[in-house]
Amino acid sequence: MDRPIRVLVSKPGLDGHDRGAKVIARALRDAGMEVIYTGLRQTPEQITNAAIQEDVDCVAVSILSGAHGTLIPKIAELLRKEGADDVLLVAGGVIPQEDIPFLKEHGVAEVFTPGTPTDVTIQFIRNNIKR
Amino acid sequence: MELAERLLMGDRRAAARLISMMENKDPEAQEIMRQLYSQSGKAYVIGITGPPGAGKSTLTDKLVKHVRKTGAKVGVIAVDPTSPFTGGAILGDRVRMSDLATDPGVFVRSMGARGHLGGISEATSAAVKILDIYGAEYIFIETVGVGQSEVDIVKNSDTTVMVSVPGLGDDIQAIKAGVMEIGDVFAVNKADRDGANRTAREIEMMLDFSHADWRPPVKMVVAVDSKGIEELFAAIEDHRHYMMEDGKFMLRRAENARNELLEMVKSRIVEQLLNHDVKAERVEQLAMDVATRVVDPLTAAEELIQSVL
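Residue positions within a chain follow its written sequence, with the count starting from 1. Written order determines the labels here, with chains lettered from A and ligands numbered from 1. Local features in a predicted model are, by the rule used here, given only for residues with pLDDT of at least 70; side-chain atom pairs are given and counted only at 80 or more, and totals for whole chains, interfaces and linings are based on all residues. The side-chain numbers reported here are obtained from all heavy atoms of the structure, hydrogens and water having been left aside.

Engineer: Describe the overall build of chain B, with residues and values.
Structural biologist: Think of it this way: any DSSP run of H or I at least four residues long counts as a helix, any run of E at least two long counts as a strand, and we number them from the N terminus. Tallying secondary structure elements over chain B gives twelve helices and eight strands in all. This radius of gyration counts C-alpha atoms alone. The globule rule is 2.2 Å times how many residues there are, raised to the power 0.38. Since a compact globule built from 309 residues should have a radius of gyration of about 19 Å, the 21 Å found for chain B is in line with a globular shape. With respect to the three principal axes, the spread of C-alpha positions in chain B is 60 × 50 × 40 Å. Three labels apply to residues, based on accessible area from a 1.4 Å probe with only protein chains included: buried if under 20% of the type maximum, exposed if over 50%, partly exposed otherwise in between. Within chain B, the proportion of its 309 residues that are buried is 52%. It only takes one pair of heavy atoms within 4.5 Å for two residues to be counted as in contact. Within chain B, contacts between residues at least 6 apart in sequence are counted, and of these 73% link residues at least 24 apart. Taking the average place of the 37 positive charges on the side chains of chain B and the average place of its 47 negative ones, the gap between the two points comes to 3 Å. Just so you know, the count uses Lys and Arg for positive and Asp and Glu for negative, and it drops His and the chain ends. Working definition for charges: the position is that of NZ of Lys, CZ of Arg, CG of Asp or CD of Glu.

Encoded structure:
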């Protein structure tokens, strides 16, 4: 069925920089996706509830604060608890290479670090959404 | 029919999924909605509209919080524009409604306005019914008040709140026909700013020209500071009570249903044309013929209508 892919772009944690999230939101929009942007400083609970109400195909979180190791697995866990583990979870932001395997073990499909061309993210989402 | 049962039990994932399916014109969802239609109609539907930047999302957020004090379940449908070039959209109304995300009694859904063959009003109208069956007692529909399709969305409500802000233009804006006429209640937001009283006065002057029974109240609010929200909601409730007198409510719902029906018929005809290869090709051919003056648009349109009847 021809329908736009719906993506929740969100900023968990306490850093106040959403330039990256907005660049991604804009790029996904220009790729024909419906992007629901939640704004700054969202808790994993807020993000999960929004993802469910909005029935998104993908949750994309941007995080620069260094709290990715706790917040992102928490979002994956909450989505699983709600039976929404068919939602693709991707992350971006300042995330050290050595932390990526841990995140991937905890429900994150892919991590996009600074410098990733937006096309790479768009293609990854298109190829990996689960419905 | 598992989805239907889950929706009736107030399962939010079922509600969320059904809204998507109706947006995408999924036949299974359409069948479910045929079955469940008689279960809808209980929620009170409040439309919130106004120019971009008037503070509609913030105002909706505060009104929802006010209603939540009574314990009533609330649904919110926030519509934002879709890019006509890519079909993509950035739906940002949730930014102003962050706190509502963790309230289990509130369901917020964002929708892109275009890219729907058959119009967004059909998709929002389906979403209203789904949230109604889901158990919402109040449903807020929020959208920018520009363009006919957006006006159609809010017109499809029980009470329409028109949000204004100071400094947008002179009084001639207020008396222009169209969007201003659909307000049942007016809110002048950002009323702590210069010119708020003048804006309110201009709206009152416009309303002076109308001889309708119901005189829409004009309320001053500062949504970010939660000022005037109680009074605004009281005005909405006044309108609701007024509508409940001598069958006016059902007359309005019948009028809304009439608009909805005619819109559906229109969009079905267009769909039948565009989803049929030969007919769709004929549309393109006739469009070129009309442009080059080979045929006039009236004749061309009549031919197309004949081809689907």
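Engineer: Before we move on, could you go through the sheet that holds strand S5 (residues 138–144) of chain B and cite the residues and values that matter?
Structural biologist: Where strands meet in a sheet, backbone hydrogen bonds hold them as pairs that are either parallel or antiparallel. All names here are of chain B. DSSP bridges decide pairing: two strands pair if at least two such bridges lie between them. Across the sheet, seven strands lie side by side as S4-S2-S5-S1-S6-S7-S8; this open sheet has parallel pairing. Looking at the sheet topology across the chains shown, the edges are occupied by strand S4 (106–112) and strand S8 (218–220). Here the strands of the sheet are splayed against their neighbours by 20° on average, with no regard to which way each runs. Taken together, the seven bridges between strand S2 (residues 74–80) and S4 define a ladder with parallel strand orientation. Within S4, the residue paired with Ile-77 across the bridge is Arg-109. Note on method: axes are straight lines fitted to C-alpha atoms, helices fitted across the in-contact stretch only, with angles between N-to-C directions ranging 0 to 180 degrees.

Engineer: Which residues make up the sheet that holds strand S2 (residues 34–37) of chain A, and what values do they have?
Structural biologist: What the six strands build is an open sheet, ordered S5(A)-S4(A)-S3(A)-S1(A)-S2(A)-S3(B); its pairing is parallel. Two strands in the sheet have a free side with no partner beyond their single neighbour: strand S5 (110–112) of chain A together with strand S3 (89–91) of chain B. Direction aside, the axes of adjacent strands within the sheet are offset by 25° on average. Of the strand pairs in this sheet, strand S1 (residues 6–10) of chain A and strand S3 (residues 58–63) of chain A are connected by four bridges, and their pairing is parallel. When the sheet's bridge partners are listed, Val-9 of chain A is paired in S3 of chain A with Ala-60 of chain A. Across the face of the sheet, helix H1 (residues 19–30) of chain A comes into contact with S1, S2 and S3 of chain A together with S3 of chain B while running at roughly 155° to S2 of chain A.

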